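Residue strings, one per chain:
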Amino acid sequence: MSLPTESLSAQGRAVILILLIATFVVILNETIMNVALPRLMVDLKVTASTAQWLSTAFMLTMAVVIPVTGFLLQRLSTRTVFLTAMTLFCVGTGLAAISPGFVPLLLARIVQASGTAIMLPLLITTVLTVVSERGRGAVMGNISIVISVAPAIGPTISGLILQTFSWRAMFLFVLPIALGMLAYGARTLQNVGTPRRLSLDVLSVPLSALGFGGLVYALSRFGEGGLSDPSVSVPLLVGAAALTAFLWRQTHLSRTGEPLLDLRAFRFPVFTLGVGLMVIAMMALFGGLILLPLYLQNLRGLSTLQTGLLLLPGGLVMGLCAPAVGRLYDRVGPRPLVVPGSLLMTTVLFGLGRIDAGTPIWALLALHLTLSGGLALLFTPVFTSALSPLPPQLYSHGSAILSTLQQVAGAAGVALLVTLMAGRAAQLSAQGSAPLAAQVGGLQLAFTVSGAIGALAVVLALFLKRTAQQQGSSSDPLPQHGD
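Residues numbered from 1 in each chain as written. Predicted model: local features only at pLDDT ≥ 70, side-chain atom pairs only at ≥ 80, totals over all residues. Heavy atoms only, no water.

A. Region of the structure containing the packing of helix 1 (residues 10–32) against helix 6 (residues 102–130). At a minimum axis distance of 9 Å, the contact between helix 1 and helix 6 shows a crossing angle of 145 degrees. Pair helix 1 / helix 6 crosses with left-handed handedness. On the side of helix 1, the interface is formed by V15, I16, L19, L20, A22, T23, V26, N29 and E30, while helix 6 contributes R109, Q112, T116, M119, L120, L122, L123, T126, V127 and V130. Classifying every residue of the contact of helix 1 with helix 6 by side-chain character gives 12 nonpolar, five polar and two charged. (Axes fitted to C-alpha atoms, helices over the stretch in contact; angles between N-to-C directions. Helix = DSSP H or I, 4+ residues; strand = E, 2+ residues; numbered from the N terminus. Left-handed = near helix turned anticlockwise from the far one by under 90°. Contact = heavy atoms within 4.5 Å. Nonpolar A, V, L, I, M, F, W, Y, C, P; charged D, E, K, R; others polar.)

Here is the structure:
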């Protein structure tokens with residue numbers, strides 16, 4: 001990872017590098033568990049639906065904690081937030097490694113997720129604070145490496161570890177790296193920005209937890225039962241009601257200047273447009289990340305390690321392209337990158353809608369590499385252009401909004417596409433199709449719908465543009481629009 005020297009002080013480079021590596025480690029941990037679930041079911045003597053809670057609880061905790069980071073990042077110093085996040089992560093990882101059963105392991109994953117949820121908004125907010133606008137794209141490119149490569153190599157690393165060692169070795173692999181970053185950060189990390197004295201609105205916290213947590217939980221279970229299942233419909237209704245109350249509460253509190261999550265960021269059209277693009281891209285990406293492994297393992301008979309190795313080059317392509325895309329953004333702006341990126345993403349998703357049980361592996365690899373290249377062109381410019389127009393007092397809230405909606409969009413994408421795939425497969429089976437043909441038909445419909453969602457990103461990309469940053473202190477009134 002290289003950082004631009006002309007737009008950063010030595011202290012700024014050191015702070016961002018520490019946060020980049022620490023965030024890479026905690027996000028790597030988010031996907032390292034998925035491949036291990038079958039092994040955990042045997043060792044801990046639990047069913048598949050129970051074991052899945054190790055991933056669901058992690059995602060739920062992220063959705064609950066991230067909205068609070070907008071407040072924390074303004075109220076506490078950089079060092080305090082970093083040390084809190086990494087301590088939680090290290091404690092959770094250590095507890096997971098020595099967990100004697102399922103419940104202690106689940107609680108350890110929740111502690112891990114609490115630390116993970118804080119790190120990405122902290123990194124983004126710090127970059128916006130210390131990096132000048134002309135060099136921001138290059139640094140955001142490094143953030144894209146963290147966001148794209150870490151989840152991509154997580155399953156591959158866990159697959160390699162599980163070939164030889166027990167599932168505990170996954171946590172023992174991550175723990176010394178995380179402890180090293182905690183120790184190094186505690187010794188060298190300097191504070192960025194000045195904390196503000198804010199009061200916490202006690203009512204907003206449970207409303208946020210019920211709202212975002214309820215939606216993510218309902219969406220994560222949607223593929224199993226649909227709206228007719230009370231375990232889906234009840235949390236969906238509770239989540240929607242709580243989220244409505246939360247949004248009303250934040251709008252009311254914005255008049256006093258102390259909302260938990262400041263929605264005035266949406267007064268800037270480019271931020272709103274960027275959020276829309278990111279939501280669409282994450283729905284398509286997360287859906288693809290679920291559908292492709294299902295296809296490769298269930299229809300093509302590949303092992304989890306083979307699947308991870310096949311998908312690894314795509315993550316590496318995103319990581320290798322991200323710094324160059326960031327530098328290009330600084331020169332040409334977002335539109336020349338985001339339009340071709342969204343076109344590539346959409347074209348590949350429609351292409352995946354035509355695969356069948358005989359599609360050559362090299363063709364699948366080529367499609368995934370092209371999809372990864374399109375997403376690399378998309379993520380860095382969208383992140384940077386969406387957040388750049390915000391005034392400094394909205395940096396932490398803007399990054400928290402983006403990170404929260406990524407979680408919700410990912411859950412929504414998986415729920416929608418898995419439900420479509422299962423429904424279409426059941427319909428074809430009822431019509432007399434062979435099981436393999438029915439699964440292929442379901443997969444093709446899911447990818448085609450994913451492509452249709454991606455087409456919306458192409459339309460939105462045409463309106464994306466670079467805007468000047470709004471200046472002002474925390475006491476300045478916010479404008480009604482950001483052009």
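B. A look at the environment of L219. Tracing the chain through its elements places L219 in helix 9 (residues 204–225). As for L219 and A409, which are separated by 190 residues in sequence, their C-alpha atoms are 9.5 Å apart. Residues contacting L219, with those up to four places away along its chain left out, are V408, A411, A412 and A415.

C. View of unusual backbone geometry. Its identity as a non-glycine residue notwithstanding, K45 has a phi of 55 degrees, on the positive side. Considering the arrangement of structural elements, one finds K45 in the loop between helix 2 (37–43) and helix 3 (48–51). What makes K45 exposed here is its relative accessible area of 72%. (Buried < 20%, exposed > 50% of the residue type's maximum accessible area, 1.4 Å probe, protein only.)

D. Structural detail: the environment of L128. Assignment of secondary structure puts L128 in helix 6. When its relative accessible area of 2% is taken as the criterion, L128 is described as buried. Along the sequence, L128 and L263 sit 135 residues apart, while their C-alpha atoms lie 18 Å from each other. Residue contacts for L128: discarding those within four places in its chain leaves R136, M140, L387 and Y395.

E. Here's a closer look at the side chain of S158. Here S158 shows up in helix 7 (residues 136–164). On the accessibility criterion, S158 (0% relative accessible area) is buried. Leaving out residues up to four positions away in the same chain, S158 has contacts with I32, V35 and M170.

F. Local environment of the pattern of salt bridges. Using the criterion set out here, one finds two salt bridges in the structure. For D201, the salt bridge goes to R249, with nearest N and O atoms at 2.7 Å. One end of the pair, D201, is in the loop between helix 8 (168–188) and helix 9; the other, R249, is in helix 10 (residues 230–253), with 48 residues separating them in the sequence. When sorted by exposure, D201 lands in the same class as R249, which is buried. The partner of R264 in a salt bridge is D262, with the nearest N and O atoms 2.6 Å apart. (Salt bridge = Lys/Arg side-chain N within 4 Å of Asp/Glu carboxyl O.)

G. Just the packing of aromatic side chains, in detail. Going through the model one piece at a time under the given rule, you end up with four aromatic pairs. Taking 5.9 Å as the distance between ring centres and 75 degrees as the angle between the ring planes, the aromatic pair formed by F212 and F246 counts as edge-to-face. Note that F212 is positioned in helix 9 and F246 in helix 10, a separation of 34 residues in sequence. Assigned by exposure class, F212 and F246 land together as buried. Note on F266 and F271: the rings are 5.4 Å apart at their centroids and 65 degrees apart in plane angle, and the pair reads as edge-to-face. Relative accessible area serves as the criterion here: at 33%, F266 is assigned to the partly exposed category. Accessibility expressed as a relative area gives 0% for F271, which makes it buried. (Phe/Tyr/Trp six-rings, centres within 6.5 Å; stacked < 30°, edge-to-face > 60°.)

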